[in-house]
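Examining the three-dimensional arrangement
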Amino acid sequence: METLLRVTDLSRDFGRHSALSGVDLCLERGQVLGLLGPNGAGKTTCLRLLSGLLAPTSGRIEILGLDLTHRPLAAKRHLGYLPERPPLHPELRVDEYLTHCAHLHRLPRRAIPEAIATAKQRCGLEDQGRRLIAKLSRGYRQRLGLAQAILHRPPLLILDEPTEGLDPVQMRELRRLIRDLARDSGIILSSHLLPEVQSVCDRVMILHQGRVRFDAETHAARPTNLWRVRLGGETHVMHLN
Ligand code: ATP
């Protein structure tokens, strides 16, 4: 298996507040890792660090062996990021927006039409190219967010609460799409929902107050919002909302 991402002792402080502390993780191609945790646990901070949008206070992030801090442009070429609220432009049509994103990703002009067609096809947007973004449902907007994240075919995808605010049908479709993308990428996603993590992820990592409290194969996690987690010989009960 190819290691896409290796994170060592990652920490981020905001002033005197430690938002993330001592996180280690490893992700391989084909794997989906779920970051689970209550509000303020540090999920977004972790994902923003991994996507190079935020600098760590300490620690190391390697993407395909490239150090994200020292070789940010080279490392970022290998990742696609879907933020919690993707900055979509409602006044643009789907194709116009994806063309704009392709330029931001610095794709060669000649490669853009095919990159857009492939991304739309993988995200179920084939017949949406002429639609105004303002007219898209929330589910389709998330698909568009995913399409912009995969335009440059990155092997690593980082998705911040991708199904937040979707109805059950849209959620199911997006999860199916994420599993499909995992056939040739490694994916890290964050969520508040244990069932969500169980349905799409191979591994789950629970964050609480910026620290990893649980890291195991998904099937080891229990389908309840009261979790018993063994830490250093002690059993902790965590309530996840
Ligand atoms: P949610 O599920 O609500 O999105 P989260 O798990 O993603 O929460 P983070 O957004 O990573 O949590 O926040 C972790 C902690 O870091 C919180 O205490 C938050 O207030 C703090 N924090 C995050 N960003 C900043 C910032 N830019 N400045 C100061 N504090 C911040």
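Described below are features of the structure shown in this document. This is a predicted model, so every value here is computed, not measured. (Residues numbered from 1 in each chain as written. Predicted model: local features only at pLDDT ≥ 70, side-chain atom pairs only at ≥ 80, totals over all residues. Heavy atoms only, no water.)

As a volume, the largest pocket reaches approximately 730 Å³. The wall of the largest pocket is formed by 21 residues, among which Lys 76, Leu 79, Leu 104, His 105 and His 152 lie closest to the centre. Elements with a minimum of two residues in the lining of the largest pocket: α2 (72-76), β6 (79-82), α3 (94-104) and α5 (138-150). No other element matches α3, which puts four residues into the lining of the largest pocket. Looking at the lining of the largest pocket residue by residue, the class counts come to 11 nonpolar, seven polar and three charged. By volume, the second largest pocket amounts to about 200 Å³. Around the second largest pocket, the lining is made up of 14 residues, and of these Arg 122, Ile 150, Arg 153, Pro 154 and Asp 184 lie nearest the centre. Examining the composition of the lining of the second largest pocket, we find that four residues originate from one element, helix α4 (residues 112-122), more than from any other. A class-by-class count of the residues in the lining of the second largest pocket yields eight nonpolar, two polar and four charged. (1 Å grid on protein atoms, 1.4 Å probe; cavity = no way out; pocket = protein on both sides within 12 Å on 5 of 7 lines; lining within 4 Å. Points joined across faces, edges and corners; volume = space filled by probe spheres on them. Helix = DSSP H or I, 4+ residues; strand = E, 2+ residues; numbered from the N terminus. Nonpolar A, V, L, I, M, F, W, Y, C, P; charged D, E, K, R; others polar.)

With that settled, the discussion passes to the site of the ligand. With respect to spatial proximity, 14 residues lie near the ligand, and among them Gly 40, Lys 43, Thr 44, Thr 45 and His 192 are the closest. One of the side-chain nitrogen or oxygen atoms of Asn 39 is found 3.0 Å away from an oxygen atom of the ligand. Residue Glu 161 places a side-chain N or O atom 3.4 Å away from an oxygen atom belonging to the ligand. Protein contact buries 62% of the 640 Å² of open area that the ligand shows by itself. Secondary structure elements with two or more residues in the shell around the ligand: β2 (17-28) and α1 (43-50). Residues of the shell around the ligand, tallied by class, amount to four nonpolar, seven polar and three charged. (Near = heavy atom within 4 Å. Polar contact = N/O pair within 3.5 Å; in protein donor to acceptor, adjacent residues only side chain to side chain. Areas by Shrake-Rupley, 256 points an atom, 1.4 Å probe, with all protein chains shown as cover.)

Our next topic: α5. In this model α5 runs 19 Å from its N-terminal to its C-terminal C-alpha over 13 residues, within 8% of the 18 Å that 1.5 Å per residue would give. With 10 of its 13 residues buried, α5 lies for the most part within the structure. Among all positions in α5, only Gly 139, Gln 142, Arg 143, Leu 144, Gly 145, Leu 146, Ala 147, Gln 148, Ala 149 and Ile 150 are buried. Elements in contact with the buried residues of α5: β6, α3, α4, β7 (156-159) and α6 (168-181). (Expected span 1.5 Å × (residues − 1). Buried < 20%, exposed > 50% of the residue type's maximum accessible area, 1.4 Å probe, protein only. Contact = heavy atoms within 4.5 Å.)

Grouped together as the largest cluster of nonpolar side chains are 42 residues, with contacts concentrated most on Leu 98, Leu 144, Leu 146, Leu 151, Leu 159 and Ile 187. In this structure, Leu 159 is in contact with Leu 47, Leu 82, Leu 146, Ile 178, Ile 187, Ile 188, Leu 189 and Ser 190, ignoring residues within four places of it in sequence. In this structure, Val 23, Ala 41, Cys 46 and Leu 156 belong to the second largest nonpolar core, which totals 28 residues. (Core = buried A, V, L, I, M, F, W, Y, C linked by side-chain atoms within 4.5 Å.)

A word on the environment of Leu 189. Residue position: Leu 189 is located in strand β8 (residues 186-191). A relative accessible area of 1% means that Leu 189 is categorised as buried. Between the C-alpha atom of Leu 189 and that of Leu 36, which follows or precedes it by 153 residues, the distance is 8.6 Å. When sequence neighbours within four positions are dropped, the list of residues in contact with Leu 189 reads Val 32, Leu 33, Gly 34, Leu 35, Leu 159, Pro 162, Ile 178, Val 200 and Cys 201.

All right, on to the pattern of salt bridges then. Opposite charge on two side chains permits pairing when their charged atoms draw close. All chains considered together, the criterion is met by 11 salt bridges. We note a salt bridge from Arg 60 to Asp 67, for which the minimum N-O separation is 3.0 Å. Among the ionic pairs, Arg 122 bridges to Asp 184, the shortest N-O distance being 3.2 Å. Taken together, the residues span a long stretch of sequence, with Arg 122 in helix α4 and Asp 184 in the loop between α6 and β8 at a distance of 62 residues. Bridged by salt links that share partners, the residues Arg 122, Asp 180, Arg 183 and Asp 184 form one connected network. (Salt bridge = Lys/Arg side-chain N within 4 Å of Asp/Glu carboxyl O.)

A few words now on the side chain of Asp 67. Mapped onto the elements of the fold, Asp 67 is located in strand β5 (residues 66-67). A polar atom in the side chain of Asp 67 sits 2.8 Å from the backbone nitrogen of Thr 69. Within the local environment of Asp 67, its side chain forms a polar contact with the side chain of His 70, the two groups lying 3.1 Å apart.

With that settled, consider the packing of aromatic side chains. For the structure on display, the rule yields zero aromatic pairs. One Lys or Arg, Arg 143, reaches over the ring of Tyr 140 and ends 4.6 Å from the middle of that ring. (Phe/Tyr/Trp six-rings, centres within 6.5 Å; stacked < 30°, edge-to-face > 60°. Lys NZ or Arg CZ within 6 Å of the ring centre and 35° of its normal.)

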